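Coordinate analysis (summary)
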Amino acid sequence: MSSDGNLFVQVGSYNTNLQGGAGLPQDLVDWLVPTLQVASFLSKESRAPDIFAIGFQELLPLHLGLAGLSKAVLDDRDAHIRSQIEKHTLGKESYTLVAKAVNVGVALLVYARDSGIARRVCDVQTQWTGTGPAYMGNKGAVGIRFRVSDRGSKAGEVFTFVCAHLTAHEANLARRVADYRHIVSTLLFPPLPSSPSSSPTTMYSTSHLFFLGDLNFRITIPPSHPHVQTSQPYDALTMMKDDASREQLKEFDQLLNQRRKGTAFIGLHEGPFWTFKCTYKYKLGEVDRYSTKRTPSWTDRIMYATYTDSPDTPEKSNITNILYTSIPSYVTSDHKPVVCLLLLPSPTTASSPETCAPPMLQLPSSYTPMPDPRATLKRYTGRTLDRIIGSIWWLLTVLGAGSAIVGILNFFLGLIAWRWWKVPAASFADA
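What counts, and where the lines are drawn
- Residues numbered from 1 in each chain as written.
- Predicted model: local features only at pLDDT ≥ 70, side-chain atom pairs only at ≥ 80, totals over all residues.
- Heavy atoms only, no water.
- Helix = DSSP H or I, 4+ residues; strand = E, 2+ residues; numbered from the N terminus.
- Buried < 20%, exposed > 50% of the residue type's maximum accessible area, 1.4 Å probe, protein only.
- Contact = heavy atoms within 4.5 Å.
- Areas by Shrake-Rupley, 256 points an atom, 1.4 Å probe, with all protein chains shown as cover.
- Pairing = 2+ DSSP bridges.
- Axes fitted to C-alpha atoms, helices over the stretch in contact; angles between N-to-C directions.
- Salt bridge = Lys/Arg side-chain N within 4 Å of Asp/Glu carboxyl O.
- Phe/Tyr/Trp six-rings, centres within 6.5 Å; stacked < 30°, edge-to-face > 60°.
- Lys NZ or Arg CZ within 6 Å of the ring centre and 35° of its normal.

**Comments concerning the overall build of the chain**
Helix and strand counts for the chain come out as 9 helices and 11 strands. The burial tally for the chain puts 52% of its 431 residues in the buried class. When contacts within the chain are restricted to residue pairs at least 6 apart in sequence, those whose partners lie at least 24 apart make up 71%. Approximately 19,100 Å² of the chain is accessible, and the part contributed by carbon and sulfur atoms is 58%.

**Some points on the environment of Ser-329**
For Ser-329, the location among the structural elements is in the loop between strand E10 (320-326) and strand E11 (338-343). Once the C-alpha coordinates of Ser-329 and Trp-31 are considered, the two residues, 298 residues apart in sequence, prove to be 9.4 Å apart.

**A closer look at the sheet that holds strand E9 (residues 300-306)**
One open sheet accounts for 5 strands, arranged E5-E6-E7-E8-E9; its pairing is mixed. With one partner strand each, in any of the chains shown, strand E5 (121-130) and E9 form the two edges of the open sheet. Strand-to-strand, the axes of this sheet are offset by a mean angle of 10°, without reference to chain direction. Against the sheet, helix H5 (residues 173-186) makes contact with E5, strand E6 (140-148), strand E7 (157-165) and strand E8 (208-214), and its axis sits at roughly 135° relative to E5, the strand it touches most.

**Describing the pattern of salt bridges**
Inspection of the entire model under this criterion finds 14 salt bridges. The closest approach of N and O atoms between Asp-50 and Arg-113, which form a salt bridge, is 2.6 Å. A residue pair is termed long-range when its members are at least 10 positions apart, and Asp-50 in the loop between helix H2 (39-44) and strand E2 (51-57) and Arg-113 in strand E4 (residues 106-113) qualify at 63 residues. By relative accessible area, Asp-50 is classed as buried at 0%. Taking the relative accessible area as the measure of exposure, Arg-113 reaches 10% and is therefore buried. Here Asp-288 ties to Lys-277 by a salt bridge, and the two come within 3.0 Å at their closest N and O atoms. Taken as a pair, Asp-288 in the loop between helix H7 (254-261) and E9 and Lys-277 in the loop between H7 and E9 lie far apart in primary sequence, 11 residues in all. Judged by relative accessible area, Asp-288 falls into the partly exposed class, the value being 44%. Ionic contacts of the salt-bridge type, sharing partners, join the residues Asp-50, Glu-93 and Arg-113 into one network.

**Details of the pairing of E8**
The buried count for E8 comes to 7 of 7 residues, which makes it a mostly enclosed element. As defined by bridge partners, E7 adjoins E8 across 7 bridges and the pair is classed as parallel. Counted as the bridge partner of Ala-164 is Gly-213 from E8. Looking at chain direction, E8 and E9 are connected through 7 bridges and run antiparallel. Paired with Leu-209 across the strands is Ala-305, a residue of E9.

**Remarks on the packing of aromatic side chains**
Aromatic rings in a pair are described by how distant their centres are and how their planes are angled relative to each other. Taken as a whole and assessed by the stated rule, the structure comprises 17 aromatic pairs. On the numbers, 5.4 Å between centres and 75° between planes, the contact of Phe-211 with Phe-265 is edge-to-face. Highlighted residues: Phe-211 in strand E8 and Phe-265 in the loop between H7 and E9, separated in sequence by 54 residues. Here the two residues Phe-211 and Phe-265 agree in accessibility, since each one is buried. One aromatic cluster is present, formed by Tyr-14, Trp-31, Phe-56 and Tyr-330 through successive ring pairs. Taking NZ or CZ as reference, Arg-379 lies 4.3 Å from the ring centre of Trp-128, over its face.

Structure follows, in structure tokens:
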């Protein structure tokens, strides 16, 4: 943390394509420590991030995630990430894991710098929710919330990080918006000890909010559009060549248009995502070749908000976006990881002296996020189905030596053999 109290936060997100332990390269320096790309900032103030937040989607094969067998992979990721950031950050700073959260294949890890705010982190909370069929966790979100004491006031400030994986495919825009609204209403945190209320709170009840993940919003290019300055058909592949073309392409980004309409991600801000190429869908093993099966899109995003942001100026945030980019060199997934470096504003004394409550985000008067009274029932309905389906799937995969289809075949062959053995055995006993 600098002398004026501005916290330096680094956020990363990566869909690792269900690869488990093989989903990350051994060297993470390009993604987690992009110092060369922020050299101008670091030349003015040499410092390491105060907070790292790293999110994953498709962390491991789906059947293992549904069965709840993600602990070993997540622990391995934790050890690997921490060793990389401590080895490569300026001054070789050490970091403490604030918390980790996982639901099926969506995972989030948050670290705090030991020589900085780690000693003042308290009231740590984690949460999860599913947005898949019957609230299952094949899609959904996880969240981590904590308070940093004695920052700006005795009450401090509350930080909330949410990592999400929303419904896929270009045509499913309405379902993605519904996923977001479900996350807002069911990813509920207990009230902080300083809160006068005993009711659960949404992700918006915070001083700073960071929303990241494979949000799956796509580029939808209509046959004609007022922004099109050519008579030729629009082609997303040809518009990836330079910043000017990508800035024009961004007008067809579903997420940006939903934010402008106020239907999703209310109050959140984002850096200029069009300054880097679309992060999906790449050919596996390729640095810069897209698959022709999908329209290239910016599916992987990082957004943020702080309590000093004004709802009257929704396009402007008081958080400084130092860097927002993708890492093309990672080729083990059809997605590219993204990273965002953010400088938070200096703390203010915006907390209430009567309640000693931390300052909260300011939202438009037309928007009031409401907790779902049936959130717990929905979450555990989804988790129960996750465990049942995942365990059966896992068992069939074991029987099939890695293939559930072979496992089903082996199961029925075994059943036939058992019945064949049982009938002669019974006949022998009767004799």
